[in-house]
Amino acid sequence: QVQLVESGGGLVQAGGSLRLSCAASGRTFRRYSMGWFRQAPGKEREFVSVISWSGGSTYYADSAKGRFTISRDNAKNTVYLQMNSLKPEDTAVYYCAASEKVAVVVAGGGRPDYWGQGTQVTVSS
């Protein structure tokens, strides 16, 4: 079992940046693809980005390409999401997720196995 704890959310003006972090418990962190999803009020949870266990492959939703960067540090059991040029439509609860599936499957709609509790990101106009 993996436990995930997100941090780094907050309130930022449009055009600003935030870096989300997700700390994972357990010694098998490097076995999992790690992803970020988000859910805005009244909308379904949607895929944002995923990174392979090695960090060698990354995938992004079209809305995140060119603005967000996912990375991981397996020595620290942590995955990050650097978000730049934030827009009001990025406002959502952001969830970290771990998956035993390979990253490309998660990017294609595969459901992760473990979820964090979420962190709120609010972008003001």
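Everything quoted here is computed from the prediction, not taken from an experiment.

Chemist: Would you mind going over the overall build of the chain in detail, with residue names and values included?
Modeler: Looking only at helices and strands, the chain features one helix and eleven strands. Secondary structure elements in the chain, listed N-terminal to C-terminal, are β-β-β-β-β-β-β-β-β-α-β-β. The globule rule puts the C-alpha radius of gyration for 125 residues at 14 Å, and the 13 Å found for the chain is close to it. Principal-axis analysis of the C-alpha atoms places the extent of the chain at approximately 40 × 25 × 25 Å. Looking at the chain as a whole, 46% of its 125 residues are labelled buried. Partitioning the contacts of the chain with sequence separation of at least 6, the portion at a separation of at least 24 is 58%.

Chemist: Explain the sheet that holds strand β7 (residues 68-73) residue by residue, including any values.
Modeler: Taken together, the four strands give an open sheet; going across it, the order is β1-β3-β8-β7, and neighbouring strands pair in antiparallel fashion. Only two strands of the sheet have a single partner each, and these edge strands are β1 (4-7) and β7. Between one strand axis and the next, the sheet turns through 15° on average, direction left out of account. Pairing analysis gives six bridges linking β7 to strand β8 (residues 78-83), with the strands arranged antiparallel. When the bridges of β8 are listed, S71 appears paired with Y80.

Chemist: Kindly report on the nonpolar core, identifying the contributing residues and their values.
Modeler: With 28 residues, the main nonpolar core has L4, M34, W36, L81, M83 and Y94 as its most contacted residues. Secondary-structure elements contributing two or more residues to this core are β3 (18-24), β4 (33-39), β5 (46-51), β7, β8, β9 (92-99) and β11 (119-124). Contact partners of M34, with chain neighbours within four places excluded, come to L4, C22, F29, S49, V50, I51, I70, R72, V79, C96, A97 and A98. If you look at the next biggest cluster of nonpolar residues, it comprises seven residues, including F47, V50, A61 and V106.

Chemist: I'd like a rundown of the state of the cysteines, residues and numbers included.
Modeler: Counting across every chain of the model gives one disulfide. A sulfur-sulfur distance of 2.1 Å marks the disulfide that ties C22 to C96. Across the S-S bond linking C22 and C96, the dihedral sits near -80°, which makes this disulfide left-handed. Pair noted here: C22 is in strand β3 and C96 is in strand β9, with a separation of 74 residues, a long-range link.

Chemist: Explain the side chain of S52 to me, using residue names and the numbers behind them.
Modeler: Here S52 lies in the loop between β5 and β6 (58-60). Not counting chain neighbours up to four residues away, the residues in contact with S52 comprise S33, S57, R72 and A103.

Chemist: Please set out the packing of aromatic side chains residue by residue, giving values where relevant.
Modeler: One pass over the full model with this rule turns up three aromatic pairs. Look at Y32 and Y114: their rings are 5.9 Å apart centre to centre, the planes differ by 85°, and that puts the pair in the edge-to-face class. Here the residue Y32 occupies a position in the loop between β3 and β4, and Y114 occupies one in strand β10 (residues 114-115), the gap between them amounting to 82 residues. A single burial state applies to Y32 and to Y114, both of which are buried. Centre to centre, the rings of F37 and F47 are 5.7 Å apart; their planes meet at 75°, and the pair counts as edge-to-face. Of the two residues, F37 is situated in strand β4 and F47 in strand β5; the sequence distance between them amounts to ten residues. Here the aromatic residues F37, F47 and W115 are joined through ring pairs into a cluster of three or more. Between the NZ or CZ atom of R45 and the centre of the ring of Y95, over which it lies, the distance is 3.7 Å. Over the aromatic face of F29 sits the side chain of R72, whose NZ or CZ is 4.5 Å from the ring centroid.

Reading the values: rules and limits
Residues numbered from 1 in each chain as written. Predicted model: local features only at pLDDT ≥ 70, side-chain atom pairs only at ≥ 80, totals over all residues. Heavy atoms only, no water. Helix = DSSP H or I, 4+ residues; strand = E, 2+ residues; numbered from the N terminus. Rg over C-alpha atoms; globule rule 2.2 N^0.38 Å. Buried < 20%, exposed > 50% of the residue type's maximum accessible area, 1.4 Å probe, protein only. Contact = heavy atoms within 4.5 Å. Pairing = 2+ DSSP bridges. Axes fitted to C-alpha atoms, helices over the stretch in contact; angles between N-to-C directions. Core = buried A, V, L, I, M, F, W, Y, C linked by side-chain atoms within 4.5 Å. Disulfide = S-S within 2.5 Å. Phe/Tyr/Trp six-rings, centres within 6.5 Å; stacked < 30°, edge-to-face > 60°. Lys NZ or Arg CZ within 6 Å of the ring centre and 35° of its normal.

Such coordinate-based values are descriptive only and should not be taken to indicate function.
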